[in-house]
Amino acid sequence: MDKLDATTATPAAVMNGPEDGPALDWHGIDWAREEQNVRRLRQRIFKASQEGDLAKVRNLQKLMLRSRSNTLVSVRRVTQQSTGRKTAGIDGEVILTPGGRAQLAQEIQEKPTRRPDPVKRVYIPKSNGKQRPLGIPVIKDRVHQARAKNALEPEWEARFEPRSFGFRPGRGCHDAIESIFAVTRHKSSGRMWIVDADLSAAFDRIHHDRLMQSIGSFPAGEMIRGWLKAGVMEKGRWAPTEEGTPQGGVISPLLLNIALHGMEEAAGVRYQRKGQDREPSAKPGTPILIRYADDFVVLTYSKEEAEQTKQILAAWLEPRGLQFNEDKTRTVQLDKGFDFLGFNVRRTSKRKVIIKPSKGAVRRIRERLRTEVKALHGANAAAVRQKLTPIVRGWATYYRGVVSKRIFSQLDTYVWQLTYKWAKRQHPYKPRHWVTARYYGRFNKSRADVWVFGDRDTGVYLPKFVWTPIVRHVVVRGGASVDDPSLQNYWANRRRKQAPPVMDKTSLNLAFRQQGLCPLCDGALITGAEYEPDNPRAWIEWFEAVARRLHKHHFVYRRDGGGNDMKNLRLVHADCHRQHHEADDRRTGRKSRRPQGSA
């Protein structure tokens, strides 16, 4: 049966596997073991790269590219965990069944190389109203890219600069913002002139030969060159790709980071000490560059130094095929403020640095809320709550680490106005007190707020922005990497302490008790977004996806008398939950069923 493609709204063929079933039992795979095999090999590559043993790095990378565990994990991530798993490439194929995944894994393991297909050109809206071009590879190419990335990424994780935060495991936009605050909050810093930089179409203009020169003798180098040169299909017409790496490819963000590696050194950044134990400290008198993918800022001591650094970086970028977008790149004093990743950073008249949501971000969330509520005219209160809850939680979580309380309160007032107008429209002939009594009340028993929008029949309510506590984000250690075997305790503690409030209270307690790991596969509970979402819209979409992919599993089944107490519950991935029950049903002869209980 055809499956609707999530991006193009056209039928996409679903690969189901042979009717008699493949030799590989997808539900019988020990995912904890396979993930551990990949993780251990990534750590070995990282350590060899850290020690400068290139020959050992290359041998281990060849081993990773031949690894059955790497193939299985890559297929699972692309076809089962990725948010784009239902989006087809030019072949119209998606793989959504266990049989199809098993067949694909066997095929790739037997034939580890293939001639890449062109990517499919699609467009997504940008926050400024323009369109961002994406290139969507076919499923098989995405799996091959995931396999290659597991071999290439650990090598570069050992080499990347300390203040590079974008599209790297364990790092995100909040680390970049907190790093800016750490540099500017001290009056003695003196770095009060900012180069607020924007690169023009960075993904689309990367110079292929220069990038391949940086990658060097990587064993899958020719595969990467093939993906770069595969071309683009748009409206049935093929066009060559002489430059750039398509946004939408699994390996593209890593390739961008490799292309931009060395930017800190080129800008003149010098550190007093390097290592894994603490945040690096820049030498006095040198600038500081903080980068999130192709967005970066340079903090300098004077306007002259800022302009000079910009010229140096422009010359450094040119041979890499990149250049500044002069319309969006500016040199500004910290007192005037600047926007970065949806935040506004400014020093007040009292020489205190304040970071808060940017005016553009606030305007966009108000527009989003207004549009969604308007589209819900005629729907019931449950639909309103279901639609707005991830928007509120996602946006509030993105901005919970800065000065946001007043803006949260203003947005709560705006949501009240929108929901009240919605309620009045639903019941145009009812008096005001009837409408408020029906839809508003003290639904959250832990709070005294009587103006909470909810459903009196079920007791379910819409959370408020202001309920999200302001929690200062702790910036990741300077050179820390998730692939560093000596820092496993550090990352385990970080996962446990920074669980996002996407889950209900019970789920949060379970996640804390389990140290952020799924007990069925031993993998991180929060999956599906390998890197931290880089804007509020992405956080909202990520919240919706995470909520669908976490289930509460009963240690002792309810049919066997198990209860809903904390001792009998485990928080697990939905995929792991289904796999566990299907394997159990096959063993006991019970009819297979779909487990319920999302977090």
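Residues numbered from 1 in each chain as written. Predicted model: local features only at pLDDT ≥ 70, side-chain atom pairs only at ≥ 80, totals over all residues. Heavy atoms only, no water.

1. Some details on the overall build of the protein
And step 1. Helix and strand counts for the protein come out as 20 helices and 18 strands.
And step 2. Looking at the protein as a whole, 52% of its 599 residues qualify as buried.
And step 3. In the protein, of all internal contacts separated by at least 6 residues, the share reaching a separation of at least 24 is 68%.
And step 4. Taken as a whole, the protein presents about 28300 Å² of accessible surface, with 48% of it coming from carbon and sulfur. (Helix = DSSP H or I, 4+ residues; strand = E, 2+ residues; numbered from the N terminus. Buried < 20%, exposed > 50% of the residue type's maximum accessible area, 1.4 Å probe, protein only. Contact = heavy atoms within 4.5 Å. Areas by Shrake-Rupley, 256 points an atom, 1.4 Å probe, with all protein chains shown as cover.)

2. A short note on unusual backbone geometry
And step 1. Of note in the backbone geometry, Ala-293 takes a positive phi value of approximately 55° without being a glycine.
And step 2. A positive phi angle, near 55°, is found at Leu-341, a position not held by glycine.
And step 3. Here Leu-341 falls in the buried class, since its relative accessible area comes to 14%.

3. Focus: the packing of aromatic side chains
The relation between two aromatic rings is expressed through the spacing of the ring centres and the mutual angle of the planes.
And step 1. On inspection of all chains with the given rule, the structure shows 21 aromatic pairs.
And step 2. A ring pair is formed by Phe-296 and Phe-324, whose centres lie 6.1 Å apart and whose planes are at 50°; its orientation type is tilted. On the criterion of sequence distance, the pair formed by Phe-296 in strand S10 (residues 295–300) and Phe-324 in the loop between helix H12 (303–317) and strand S11 (330–333) is long-range, its members being 28 residues apart. You'll find Phe-296 and Phe-324 in the same group, each marked buried.
And step 3. Here the aromatic cluster, defined as three or more aromatic residues joined through ring pairs, consists of Trp-416, Tyr-420, Trp-422, Tyr-439, Tyr-440, Trp-451 and Phe-453. (Phe/Tyr/Trp six-rings, centres within 6.5 Å; stacked < 30°, edge-to-face > 60°.)

4. Comments concerning the sheet that holds strand S13 (residues 343–347)
And step 1. In space, the three strands of this open sheet follow the order S12-S13-S14, with antiparallel pairing throughout. Of all the strands in the sheet, the pair left with one neighbour each is strand S12 (338–340) and strand S14 (353–357). Neighbour-to-neighbour, the strand axes of this sheet turn through a mean angle of 30°, independent of strand direction.
And step 2. Where S12 meets S13, three bridges bridge the pair, whose relative direction is antiparallel. Bridge pairing in S13 links Asp-339 to Asn-344. (Pairing = 2+ DSSP bridges. Axes fitted to C-alpha atoms, helices over the stretch in contact; angles between N-to-C directions.)

5. Things to note about the nonpolar core
And step 1. If you look at the biggest cluster of nonpolar residues, it comprises 112 residues, and the most contacted ones within it are Ile-224 and Trp-395.
And step 2. Ranked by the residues each element gives to this core, the list is headed by helix H15 (residues 405–426), at nine residues.
And step 3. Of the residues that make up this core, three or more belong to each of domain 1 (24–159) and domain 2 (359–467).
And step 4. One finds Leu-24, Ile-108, Leu-525 and Leu-571 within the second-largest nonpolar core, a separate group that totals 25 residues. (Core = buried A, V, L, I, M, F, W, Y, C linked by side-chain atoms within 4.5 Å. Domains from an automatic or database assignment.)

6. A few points about helix H5 (residues 139–157)
And step 1. Look at H5: 26 Å from first C-alpha to last across 19 residues, which is about the 27 Å you get at 1.5 Å a residue.
And step 2. Among the 19 residues of H5, 18 are classified as buried, and the element is accordingly described as predominantly covered. (Expected span 1.5 Å × (residues − 1).)

7. A short note on the pairing of strand S9 (residues 288–292)
And step 1. The buried fraction of S9 amounts to five of the five residues, a majority that puts the element mostly inside the structure.
And step 2. Here S9 shows a buried face lined by Ile-288, Ile-290 and Tyr-292 and a second buried face lined by Leu-289 and Arg-291.
And step 3. Here S9 runs beside S10; their pairing, made up of five bridges, is antiparallel. Looking across to S10, one finds that Ile-288 is bridged to Leu-299.
And step 4. Hairpin connection between S9 and S10: a loop of two residues separates the two successive antiparallel strands, and Ala-293 in this loop has a positive phi of roughly 55°.

Take it as geometry only, folks, not as evidence of what the structure does.
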